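# Descriptive analysis of the structure
The lines below spell out each chain.
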Amino acid sequence: MTGTPLADLRTAEHPTAPMVAVRGLQKWFGTNHVLRDVDLTVATGEVVVVIGPSGSGKSTLCRCLNRLEVAGEGSIEIDGRPLPAEGRDLARLRADVGMVFQSFNLFGHRTVLENITLGPTRVRRIPRARAQAEARVLLDRVGIADKADAYPAQLSGGQQQRAAIARALAMRPKVMLFDEPTSALDPEMVNEVLDVMVSLAADGMTMIVVTHEMGFARRAADRVVFMDDGRIVESAGPEEFFAAPRSERARDFLSKILQH
């Protein structure tokens, strides 16, 4: 896999502000209070890994950051600007905030190259030839340059997820959100996706990663955020968090998952 700098793919407009700032975030699904007064800041170039038990609010927090879910209360700023409610400003925000899901969400009737160039040509208004050239660089970046003309059904799960990462990067995002990107993959495909993510982190991409992959958290995170029952229980560097978690809830969680 050939690494290329990502500095030309995203720029921060407000270098003194955190890239992501969440304050007092609350979210309900009916009577279920899934996010409880969440505060989180992420600096430009920082990799934050969010972990915790199922149902703790991790994925909901991730989806609120590009308004796939609408928070009930609180504020979210991306690169110093409040999260838009709707319209063209929201579309621009979603272009700035790349997201990679558990499912790959590729268009099955389009080739890999077409999947990657669709957003840049339609949303960013990048000329097709330039978008295709940049897409081929990104496909090389994620290690599937030879799959440009293939259709998603012709790819393995790991290759599809790497194509999804390339598609998100093609929009030149300021921040990348990953919502359990390896949970739908067979075990032998997990590392090929995590290796791409580690490489992105090393290149300085701002990343928020919801995952159960503790090895990735140890290897690539600048900070580990532990959530439980809709709250951020603690936040620390990976070495500190895994060696000596401060909360009893985090200690209990780690004791269960690190046994296996």
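Residues numbered from 1 in each chain as written. Predicted model: local features only at pLDDT ≥ 70, side-chain atom pairs only at ≥ 80, totals over all residues. Heavy atoms only, no water.

Quick note on the threshold: UniProt positions are given in the numbering used here, feature names are shortened, and annotations may be inferred rather than shown by experiment.
An unreviewed UniProt entry annotates the protein as ABC-type polar-amino-acid transporter of Plantactinospora soyae. Under Subcellular location (unreviewed entry), UniProt gives the following word-for-word description of the protein: "Cell membrane". Per UniProt, the comment on the protein under Sequence similarities (unreviewed entry) is "Belongs to the ABC transporter superfamily."

## Let's talk about the sheet that holds strand E8 (residues 206-210)
Definition in use: Strand pairing is defined by DSSP finding a minimum of two bridges between the two strands. Numbering goes from the N terminus for both helices and strands, where a helix is a DSSP run of H or I of at least four residues and a strand is a run of E of at least two. Axis definition: a line fitted to C-alpha atoms, limited for helices to the stretch in contact. Angles are taken between N-to-C directions and run from 0 to 180 degrees. Contacts: residue pairs with any heavy atoms within 4.5 Å of one another.
Here six strands make up an open sheet; going across it, the order is E6-E7-E8-E3-E9-E10 and the pairing mixed. In this open sheet, the two edge strands, each paired with only one partner strand, are strand E6 (97-100) and strand E10 (231-236). Across the sheet, the axes of successive neighbouring strands diverge by a mean angle of 20°, strand direction being ignored. As paired strands, strand E3 (residues 47-51) and strand E9 (residues 223-228) are joined by four bridges and run parallel to one another. Residue Val 49 lies in a different strand from E9, and its bridge partner there is Val 224. Contacts from helix H6 (residues 187-202) reach E3, strand E7 (175-179) and E8, with the element oriented near 145° to E8. Set on the sheet, helix H9 (residues 248-257) makes contact with E3, E9 and E10; between it and E9 the angle comes to about 100°.

## Side note on helix H2 (residues 87-96)
Here is the rule: We call a residue buried when its accessible area falls under 20% of the maximum for its residue type, exposed when it is over 50%, and partly exposed in between, using a 1.4 Å probe and counting protein chains only.
Residues of H2 that are buried: Leu 90, Leu 93, Ala 95 and Asp 96. Where the residues of H2 are buried, they touch strand E4 (73-78), E6 and E7.

## What about the UniProt feature "domain: ABC transporter" (unreviewed entry) in the protein?
Under the UniProt annotation, "domain: ABC transporter" (unreviewed entry) lies at residues 20-254. Helix makes up 39% of residues 20-254 and strand 26%, with an end-to-end C-alpha separation of 27 Å.

## With respect to helix H5 (residues 157-169)
Counted only if it meets this: To estimate how far a helix should extend, the number of its residues minus one is multiplied by 1.5 Å.
Between its first and last C-alpha atoms H5 spans 18 Å; for 13 residues at 1.5 Å apiece the expected length is 18 Å, and the two agree. The element H5 is extensively covered by neighbouring structure, given that 13 of its 13 residues are classed as buried.

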